[in-house]
Amino acid sequence: REKTESKKISDSTEETKRSASTIRIESWKIDELLNLMGELVITKASFSEVNEKIGRVESNLKNILKSFLSGVLKLNLDNDEKQKEEKNRNLLSNFEEMFKSFDIFRDAVQKLSRTSSLLQENVMNLRMVPIQMVFSRFPRIVRDIAESMNKNVELLIEGVETEIDKSMVDDIFDPLIHILRNSLDHGIESSEERIKLGKNPKGRITLKAYHEGDSIVIEVIEDGRGVDFEALKKKALENKIFPKEVIEKMSQKELLALIFLPGFSTA
């Protein structure tokens, strides 16, 4: 028990430390940092290109001067044997110094590449916030909408730790409200209808977020009647969005995309 209490105190202390170390930064400062980061990435790419060219030149020089660099061959740089020996020594020394410089440059470019990549990742993370900032507003909203529609429903939320760019927080709020309202209005049946269908009287809407590669997926899933694809076809024909023959050949995924068109409603 003492260990458990000690762990709780330790966890609480860590959370307090993290909270105390949090600072607020104006978004324009992060944007400036991102712009500078973009310049650094471009510079890194230029260095990488130069590094490749130097590598090719180094390889060509070593192939051409293979015998000289190995000490087997002496170049005829002077008529005087003593001067010739001295010049060969100096030239070989310069080549060796140049090849060492190539190695130092190559190591520096690799280090720049690693550091700038890590820096870019960290700078990008400055704009990331948990999607909880958006999702936390929905339980009450869904409850109020459900009451106004006389629907009995519970909202399950998953993946609140998933991070999104701060600039998207406000952008995705309204579309998600629209989708949730449609789920309540068109998807979730009344308690009476659900009982007749052998379902739980209380409907369920699941709002979840997760990473998929470099993208973030946000899903709204309801256990109601779902989307009426025939109604979508009918509305698409009424709105003359596509010719009848095109609409009839559309897949469910393509038909589903129609609901995101401005002004498209089956209500």
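Refer to the structure presented above.
Residues numbered from 1 in each chain as written. Predicted model: local features only at pLDDT ≥ 70, side-chain atom pairs only at ≥ 80, totals over all residues. Heavy atoms only, no water.

## Observations concerning the side chain of Asp165
- Summarising the element assignment, Asp165 is placed in strand E3 (residues 163–165).
- Here Ser167 takes part through its side chain, which lies 2.7 Å from a polar atom of the side chain of Asp165.
- Apart from residues lying up to four places away in sequence, Asp165 is in contact with Arg127 and Met128. (Helix = DSSP H or I, 4+ residues; strand = E, 2+ residues; numbered from the N terminus. Polar contact = N/O pair within 3.5 Å; in protein donor to acceptor, adjacent residues only side chain to side chain. Contact = heavy atoms within 4.5 Å.)

## Focus on the pairing of strand E5 (residues 215–222)
- Across eight bridges, strand E4 (residues 203–212) lies against E5 in antiparallel orientation. Residue pairing for E5: Ala209 is matched across the bridge by Ile218.
- Hairpin connection from E4 to E5: two residues lie between these consecutive antiparallel strands, with Gly213 at a positive phi of about 70°. (Pairing = 2+ DSSP bridges.)

## As for helix H2 (residues 27–64)
- If you check H2, its first and last C-alpha atoms are 56 Å apart, about what 38 residues at 1.5 Å a residue would give, namely 56 Å.
- Every buried residue belonging to H2 is among Ile30, Leu34, Met37, Lys44, Asn51, Ile54 and Glu58, and all of these are buried. (Expected span 1.5 Å × (residues − 1). Buried < 20%, exposed > 50% of the residue type's maximum accessible area, 1.4 Å probe, protein only.)

## A word on helix H7 (residues 169–187)
- If you check H7, its first and last C-alpha atoms are 26 Å apart, about what 19 residues at 1.5 Å a residue would give, namely 27 Å.
- Taken together, the buried positions of H7 are Val169, Ile172, Phe173, Leu176, Ile177, Leu180, Ser183, Leu184 and Gly187. When H7 is viewed along its axis, its buried side chains cluster within an angular range of 150° and face the same direction. Opposite the buried face of H7, at more than 90 degrees from it, the exposed residues are Asp171 and Asp174. (Arc of directions from axis to C-beta.)

## Here we look at the nonpolar core
- Judged by nonpolar contacts, the single largest core of 21 residues is most densely connected at Val134, Phe135 and Phe138.
- Elements with a minimum of two residues in this core: helix H5 (132–135), helix H6 (138–148), H7 and E4.
- With seven residues, H7 is the single largest residue contributor to this core.
- Sequence-distant contacts of Phe138, that is, excluding residues within four places in its chain, are made with Leu155, Phe173, Leu176, Ile177, Leu180 and Leu207.
- Leu232, Ile247, Met250 and Phe264 belong to the second-largest nonpolar core, a separate cluster that totals seven residues. (Core = buried A, V, L, I, M, F, W, Y, C linked by side-chain atoms within 4.5 Å.)

## Side note on the sheet that holds strand E2 (residues 153–158)
- Within the open sheet, the three strands sit side by side as E2-E4-E5. Their pairing is mixed. Both edges of this open sheet fall to E2 and E5, since each of them pairs with a single strand only. Averaged over all pairs of adjacent strands, the angle between their axes in this sheet comes to 10°, without regard to strand direction.
- In the packing of H6 onto the sheet, contacts are made with E2 and E4, and the angle to E2 comes to roughly 160°.
- Packing against the sheet, H7 makes contact with E2, E4 and E5, and its axis sits at approximately 25° to E5. (Axes fitted to C-alpha atoms, helices over the stretch in contact; angles between N-to-C directions.)

## Considerations on the environment of Gln83
- With respect to the secondary-structure elements, Gln83 resides in helix H4 (residues 81–126).
- Residues Gln83 and Asp228 lie 145 residues apart in sequence; the distance between their C-alpha atoms is 94 Å.

## A look at unusual backbone geometry
- A positive phi angle, close to 60°, is found at Asn150, a residue other than glycine.
- By the element assignment, Asn150 lies in the loop between H6 and E2.

## A word on the layout of surface pockets
- The computed volume of the largest pocket comes to approximately 780 Å³.
- The wall of the largest pocket is formed by 25 residues, among which Ile179, Asn182, Val227, Leu256 and Ile259 lie closest to the centre.
- Listing elements by their share of the lining of the largest pocket, those giving two or more residues are H7, E5 and helix H9 (229–238).
- Among the elements that take part in the lining of the largest pocket, H7 stands out by supplying nine residues, more than any other. (1 Å grid on protein atoms, 1.4 Å probe; cavity = no way out; pocket = protein on both sides within 12 Å on 5 of 7 lines; lining within 4 Å. Points joined across faces, edges and corners; volume = space filled by probe spheres on them.)

## Side note on a nonpolar patch on the surface
- Residues Leu33, Leu36 and Leu126 make up a contiguous nonpolar surface patch of about 280 Å² in total accessible area.
- Its place among the elements puts Leu33 in helix H2.
- By relative accessible area, which is 38% here, Leu33 ends up partly exposed. (Patch = residues over 30% accessible without salt bridge, like charges linked within 9 Å, V, L, I, M, F, W, Y side chains within 5 Å. Areas by Shrake-Rupley, 256 points an atom, 1.4 Å probe, with all protein chains shown as cover. Salt bridge = Lys/Arg side-chain N within 4 Å of Asp/Glu carboxyl O.)

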